[in-house]
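Listed below, chain by chain, are the residues.
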Amino acid sequence: MTSLNDQLETLAQDFAALSVPQRLDLLLEFADALPEVPQHLTEHPDLLERVVECQSPVFLLVEVQDDVVTIHFTVPREAPTTRGFASILHSLLNGRTVDEVATASDLIPDSLSLSAAVSPLRLRGMRGMLARIKRQVEQKR
Amino acid sequence: MPIGFDTDAKINEYAHPEVLVTTSWVAENLNTPGVVIVESDEDLLLYQTGHIPGAVRIDWHTDLNDPVRRDYLSDDAFAALLSSRGISRDTTVILYGDKSNWWASYTLWAFKLWGHSDVRLMDGGRDKWVAEGRELSQEAPEVPQASYPLIKRDDSALRAFRDEVRAHLGSPLIDVRSPQEYSGERTHMPDYPDEGALRAGHIPGAISVPWAKATNEDKSFRSRAELEALYLGENGLTPGDNVIVYCRIGERSSHSWFVLHFLLGLPNIRNYDGSWTEWGSLVGVPIVQGTEPGSINN
């Protein structure tokens, strides 16, 4: 598996190479690719934690098994920007070790050239998701 | 030639029926020359997931705000923005968006700062259009470059600044935020990011009329009679009042501004776009906490 830093750098370069409208297209591709939560969570939505920093009802849950991190998100279809943020974090962090996730850079949301495309304000939700993922991982290690 | 107005009965009860159209009117005017449809959303990717065929996007944050100063665009940049969207000075602009047209109202208010004469909201916004199963397109429209003239923005009639709000204390102020923000339990909307006000509460004397009281379940505006009962009856405004509305950054209050100014016809109504993120961080200004409006003296 590519290291988190290498994967992040590649993704950052991909975004940086695009025009602002193309960055939004890529973000929408991520939004469409966000996996659905498994059935045991759709039946127990109370297990997920609300990400209050987001403008939409976003919930997440981190599961740790054998030192491997699995991340689940629910984000409404009507909030594609937020889905895109969740999906980026999912693609970077899901399946990694506890240490990799716990030490992931807090600057991931700032490193993808998205500020000009979506506004710094909207990026706050992504920071909230990342902080909550890292906190849950620490609690469950 | 001016584009015809919507003859819908509910719309024609309002004080200014020329600023509102129904989803049906829009569906019939998708290809009418001289009409440009503009989507303004909270979530700017929604447009890309599917928009009214031919509609262009204007984003409240990345398009309408100056990228450096906390202010709206320069006059040059506004002219360039509208030209790039195929809008001329005489274009009929139809605005719609998510969240009951919050951001579309905000865009409309901004258009009025530059005095664009024919700009209308689609009642019910994006949600109503989608709920009715109307057509959506992911195709980026081919927009012919227009030539919007350089217009000097005039803030005087529609926009209130903090010193004007201070001088206005004792006159009608409407806080359109949630009850929790008004009382000072919190500085930002439940479920929304904190945009950084240092103190919580409301401007002394401001009455609390949350913006959403003006909307129906389907996101459209309530009838004129219902709106009059709310603002003029229950909350005691009179049509001649000089009123300032505010919220957190001026977006929800644009919605209330639209209702009071155009649907009820109050002539003197300004939006304080600095709103709570400014007032709640100013040094030394009076603030009231709790559910009562309070006054400047307490």
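Above this note sits the structure.
Residues numbered from 1 in each chain as written. Chains lettered and ligands numbered in written order. Predicted model: local features only at pLDDT ≥ 70, side-chain atom pairs only at ≥ 80, totals over all residues. Heavy atoms only, no water.

## Some thoughts on the nonpolar core
To keep things clear, this is the line we draw: The term nonpolar core refers to a set of buried residues drawn from Ala, Val, Leu, Ile, Met, Phe, Trp, Tyr and Cys, joined through side-chain atoms within 4.5 Å. Each residue is placed in one exposure class: buried if its accessible area under a 1.4 Å probe, protein chains only, is under 20% of its type's maximum, exposed if it is over 50%, and partly exposed if it falls in between. Each helix is a run of H or I in the DSSP string that is no shorter than four residues. Each strand is a run of E no shorter than two, and both are numbered from the N terminus.
In this structure, Tyr231(B), Trp257(B), Phe258(B) and Leu260(B) are the most contacted members of the largest nonpolar core, which totals 58 residues. Ranked by residues supplied to this core, first place goes to helix α4 (residues 102-113) of chain B with nine residues. Of all hydrophobic cores here, the second largest spans 44 residues; its members include Leu8(A), Leu27(A), Val75(A) and Leu89(A).

## Details of the packing of aromatic side chains
Residue and element names in this part refer to chain B. Test applied: To pair, rings of Phe, Tyr and Trp, with the six-membered ring standing in for Trp, must have centres within 6.5 Å; the planes then decide the type, stacked if under 30 degrees apart, edge-to-face if over 60, and tilted in the middle.
As enumerated under the stated definition, the model contains 15 aromatic pairs over all chains in all. Both rings, one in Tyr72 and one in Trp109, keep their centres 5.6 Å apart while their planes meet at 75°; by these two values the pair is edge-to-face. Pair noted here: Tyr72 is in the loop between β3 (56-57) and α3 (75-84) and Trp109 is in helix α4, with a separation of 37 residues, a long-range link. Like Tyr72, the residue Trp109 is buried in the burial classification. A ring pair is formed by Phe258 and Phe262, whose centres lie 5.4 Å apart and whose planes are at 55°; its orientation type is tilted. One end of the pair, Phe258, and the other, Phe262, are both in helix α9 (residues 252-263), four residues apart, so they sit about a helical turn from each other.

## Here we look at the sheet that holds strand β8 (residues 243-246) of chain B
Residue and element names in this part refer to chain B. Applied cut-off: Paired strands are those between which DSSP finds at least two bridges. Contacts are residue-level and defined by heavy atoms, with any inter-residue pair within 4.5 Å sufficient. Note on method: axes are straight lines fitted to C-alpha atoms, helices fitted across the in-contact stretch only, with angles between N-to-C directions ranging 0 to 180 degrees.
The parallel open sheet is built from four strands, whose spatial order is β7-β6-β8-β9. Looking at strand neighbours, the two that pair on one side only are β7 (207-208) and β9 (269-272), the edges of this open sheet. Sheet strands in contact with α9 are β6 (173-175), β8 and β9, and its direction is about 180° off that of β9.

## Let's talk about the side chain of Asp273(B)
Residue and element names in this part refer to chain B. Note the cut-off: Pairing of N or O atoms within 3.5 Å defines a polar contact, subject to two protein rules: one partner must be a possible hydrogen donor and the other a possible acceptor, and residues neighboring in sequence count only if both atoms are side-chain atoms.
Mapped onto the secondary structure, Asp273 falls in the loop between β9 and α10 (275-279). Reaching out from Asp273, the side chain makes a polar contact with the side chain of Arg159 at a distance of 2.7 Å. When neighbours within four sequence positions are excluded, Asp273 is seen to be in contact with Arg70, Tyr72, Trp109, Arg159, Ala160, Ile249 and Gly250.

## A word on the layout of surface pockets
Defined as follows: Using a grid of 1 Å spacing that covers the protein atoms alone, one calls a set of points a cavity when a 1.4 Å probe fits there but cannot get out, and a pocket when the set is open and has protein on both sides within 12 Å along at least five of seven lines; lining residues are those with an atom within 4 Å of a point. Grid points are joined across faces, edges and corners, and a volume is the space filled by probe spheres set on the points. Asp, Glu, Lys and Arg are counted as charged, while Ala, Val, Leu, Ile, Met, Phe, Trp, Tyr, Cys and Pro are counted as nonpolar; the rest, among them Gly, fall into the polar class.
Taken as a whole, the largest pocket spans an internal volume of roughly 1,200 Å³. Around the largest pocket sit 50 residues that line it, and Trp60(B), His61(B), Thr62(B), Asp63(B) and Asn65(B) are the ones nearest its centre. Per-element accounting of the lining of the largest pocket gives the leading share, four residues, to helix α2 (residues 20-33) of chain A. Looking at the lining of the largest pocket residue by residue, the class counts come to 22 nonpolar, 11 polar and 17 charged.

## Let's talk about the interface of chain A and chain B
How we decide: A simple way to read buried area is as the amount of 1.4 Å-probe accessible surface that goes missing from two parts once joined, with both sides added. Here a salt bridge means any side-chain nitrogen of Lys or Arg lying within 4 Å of a carboxyl oxygen belonging to Asp or Glu.
In this assembly, 23 residues from chain A lie in contact with 19 residues from chain B. A buried area of about 1,700 Å², summed over both sides, lies between chain A and chain B, and 55% of it is on carbon and sulfur atoms. Joining chain A to chain B, the criterion identifies zero salt bridges. Linking chain A to chain B there are three residue pairs in polar contact (both at pLDDT 80 or more). Counting only elements with at least two residues in the side of chain A that touches chain B, the list comes to α2, α4 (80-93), α6 (115-118) and α7 (120-140) of chain A. Among the elements that take part in the side of chain A that touches chain B, α2(A) stands out by supplying five residues, more than any other. Among the residues forming the side of chain A that touches chain B, the class breakdown is 13 nonpolar, four polar and six charged.

## Topic: the pairing of strand β4 (residues 92-96) of chain B
For a regular strand, side chains alternate in direction, first toward one face of the sheet and then toward the other. Residue and element names in this part refer to chain B. Here is the rule: Seen with its strands pointing away from the viewer, a crossover is right-handed if its path from the first strand over the helix to the second goes clockwise.
The buried fraction of β4 amounts to five of the five residues, a majority that puts the element mostly inside the structure. Bridge analysis of strand β2 (residues 35-39) against β4 gives five bridges, and the strand direction is parallel. Each bridged residue has a counterpart across the sheet, and for Glu39 the counterpart in β4 is Tyr96. In terms of handedness, the path from β4 via α4 over to strand β5 (residues 119-122) forms a crossover that is right-handed.

## Things to note about the pattern of salt bridges
Under the criterion given, the structure shown has 29 salt bridges over all chains. We note a salt bridge from Arg77(A) to Glu36(A), for which the minimum N-O separation is 3.3 Å. Of the two residues, Arg77(A) is situated in the loop between β3 (68-74) and α4 and Glu36(A) in the loop between α2 and α3 (39-42); the sequence distance between them amounts to 41 residues. For Arg77(A), a relative accessible area of 49% translates into the label partly exposed. Between Asp63(B) and Arg85(B) there is a salt bridge, and its shortest N-O distance comes to 3.1 Å. Of the two residues, Asp63(B) is situated in the loop between β3 and α3 and Arg85(B) in the loop between α3 and β4; the sequence distance between them amounts to 22 residues. Judged by relative accessible area, which is 18%, Asp63(B) ranks as buried. A residue is classified by how much of its surface remains accessible, and Arg85(B), at 19% relative accessible area, is buried. Where salt bridges share partners, they join Arg69(B), Asp71(B), Arg153(B), Asp155(B), Arg159(B) and Asp273(B) into one cluster.

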